[in-house]
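Coordinate inspection notes
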Amino acid sequence: MPKDPIERLLRGLYSVALYLLAPITVYHLIWRGLRQPAYFLRWQERYAHYGDAPPMRTLWVHAVSVGEVNAAVPLVNALRRARPDLRLLVTTITPTGSERVQALWGDAVEHVYLPYDLPGAVGRFLKHYRPYAALIMETELWPSLLFGCRDAGIPAVILNARLSERSLRGYRVLAPLVARALRTVRTVAAQSHADGQRFVRLGANREQVAEVGNLKFDVAVPEDLAGFAAQCRARCGERPVWIAASTHEDEEMAVIAIHRQLRAQFPDLLMLWAPRHPERFRTVADTARAAGWNVSTRSRQQWPQADDAVFVIDTLGELMSFYACADVAFVGGSLQAIGGHNLLEPAATGTAIVTGPHLHNFVEIAQRLEDAGALCVAPDAEHVERALAELLSDRERRERMTDAGRALVETGRGALARTLDLLQPLLPPQG
C-alpha cells in the first residue's frame, strides 16, 4: 500500500466514485452499441474477465483508438523486428481501434480492450497479462491503471506524449490525484518542448520528461503507393479530385455544401469522402445520393466510376493510400472543436492540405506545416471552400505545398530511434 496518506485518501475516493458509477458503463456500452454494434461484443474484456489461461508475459502497448494505433505502427513494427521473442499485447478502447489492430497485424499481436479504470479490473488485467512494461500512447492518464502498474512493479512509459492546453484544463478537477499518478511513470516521452512543459505543469517531475519528438513523423508510406494512386487515377480520368478526410457528423453538411459549390466551378470534380467513424459510412453515402449525385463506395464498387461525383471510402486502413489519389485534401475534425486529425499522412503522401481552425490536438505540427507553406488553415467552411478552389486551379502552388510537406516529414523523422533507445533498458534480456 502507498505510504502517502493523501494518495490513499484520493485513490479511495476515486475508486468509490468509479464503483458507484460502474452501472453507467453498461448504459454507455448499450448507447454506443446502438450506433456501432461492435460495442455490444466482448463486454467481459471491458471488466477484465478472461476465460482462457494466462498467456506468456507480454510487452504491452496501449493505443486508445485509430489515431493512436496509427501513431504506434512504426514502434510496433520496429519492436516486432527487433524482439521477435516477445509477445506483444496491443490494447484499445474503441472497436475501430480494434479493427485497425486486426487489419495491421492480425494474430501477430494479441489484442483486448483495456478495462475500465476500476481497481479490481485493472488488477485482474495486469495479473493476467503480466506485462514487462506498459507503453502508453499519447495522453491516456488513468489513475488506477498507473498506480496499479507501480504497485505491481511494471514500469510505465507515456510515449509520443502530447497534452494540449485544453486537455490540461480538463484534468484540473482531478489534478491532485492525476499529478500523483503521473509521478509513478518512468518516463514521459514528449512530442515537443511545449508538451513536456504542460506535463510538468500537470504534476510530472522535470527529470521524468524527455523531449523525444513525434512518432507520427516516422510514418511509413504504404508500399506501392504510386501504383495504387495510378490505378485509382485511371478510373477517375483526368478530372480534378479532392478528399474530405476524417470528417465528423457535424461537419458532413458543410462538406456537402463545399462540394456543391466546388462543382459549380469544376463540373466534373470528384470528391473522395472518408468519414472518421465507421457508423457514418452508410449515412454519408445516402446523404450524398440525396444531394443528387452518383455515389460509389470502396466496399462495393472498389474504385470510382466514370460518372461519380462522390466516392465513399467505407473501409479502414486505406486513407493514406487514397490521400495520394487526390489533388488536395481537407482534413476534418477541424471545423468543430474536435482538435483536428493527423496532418502528416497527407503531407507524407504528397497532397496539398486544407483544414479548419480547430487544431488544438496538433498545434505544433500545424504550425510547422503552415510555416513551411504546406498547409492552408481556413477560419470556417466558406473559406475552406475558397482555399480548395484556389488550389484546384493552381497546379504550381499545389506542387510547392506537396514538396514542402514531404520535406518537413523527412526532416522530422528520428523519434522512433530515440524512443527505442529509451525503451531498451525496460525490455527483458533476449532469449
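Use the structure listed above.
Residues numbered from 1 in each chain as written. Predicted model: local features only at pLDDT ≥ 70, side-chain atom pairs only at ≥ 80, totals over all residues. Heavy atoms only, no water.

Let's talk about the packing of aromatic side chains
Throughout the structure, instances matching the rule amount to eight aromatic pairs. Between the aromatic rings of tryptophan 60 and phenylalanine 125, the centroid separation amounts to 4.9 Å while the plane-to-plane angle is 70 degrees, which identifies the pairing as edge-to-face. With tryptophan 60 in strand S1 (residues 58–62) and phenylalanine 125 in helix H5 (residues 119–129), this pair connects stretches of sequence that are 65 residues apart. Assigned by exposure class, tryptophan 60 and phenylalanine 125 land together as buried. (Phe/Tyr/Trp six-rings, centres within 6.5 Å; stacked < 30°, edge-to-face > 60°. Helix = DSSP H or I, 4+ residues; strand = E, 2+ residues; numbered from the N terminus. Buried < 20%, exposed > 50% of the residue type's maximum accessible area, 1.4 Å probe, protein only.)

Overview of the side chain of histidine 111
With respect to the element layout, histidine 111 can be found in strand S3 (residues 110–113). Within polar-contact distance, the side chain of histidine 111 engages the side chain of arginine 42 at 2.9 Å. A distance of 3.5 Å separates a polar atom in the side chain of histidine 111 from a polar atom in the side chain of serine 98. When near neighbours in sequence (up to four residues on either side) are disregarded, histidine 111 contacts Arg42, Leu89, Val90, Thr91, Thr92, Ser98 and Val101. (Polar contact = N/O pair within 3.5 Å; in protein donor to acceptor, adjacent residues only side chain to side chain. Contact = heavy atoms within 4.5 Å.)

Let's talk about a nonpolar patch on the surface
A surface patch of nonpolar side chains, amounting to about 560 Å² of accessible area, comprises Tyr27, Ile30, Leu34, Phe40 and Leu41. Summarising the element assignment, tyrosine 27 is placed in helix H1 (residues 5–35). (Patch = residues over 30% accessible without salt bridge, like charges linked within 9 Å, V, L, I, M, F, W, Y side chains within 5 Å. Areas by Shrake-Rupley, 256 points an atom, 1.4 Å probe, with all protein chains shown as cover. Salt bridge = Lys/Arg side-chain N within 4 Å of Asp/Glu carboxyl O.)

Examining the sheet that holds strand S4 (residues 134–137)
Strand order in the open sheet formed by seven strands is S3-S2-S1-S4-S5-S6-S7, and the pairing between neighbours is parallel. Lying at the two open borders of the sheet, with one neighbouring strand each, are S3 and strand S7 (209–211). Taking each pair of neighbouring strands and ignoring which way they run, the sheet shows an average axis angle of 20 degrees. Inspection of the sheet shows strand S5 (residues 156–161) paired to strand S6 (residues 187–190) by three bridges, in the parallel sense. Paired with alanine 161 across the strands is alanine 190, a residue of S6. (Pairing = 2+ DSSP bridges. Axes fitted to C-alpha atoms, helices over the stretch in contact; angles between N-to-C directions.)

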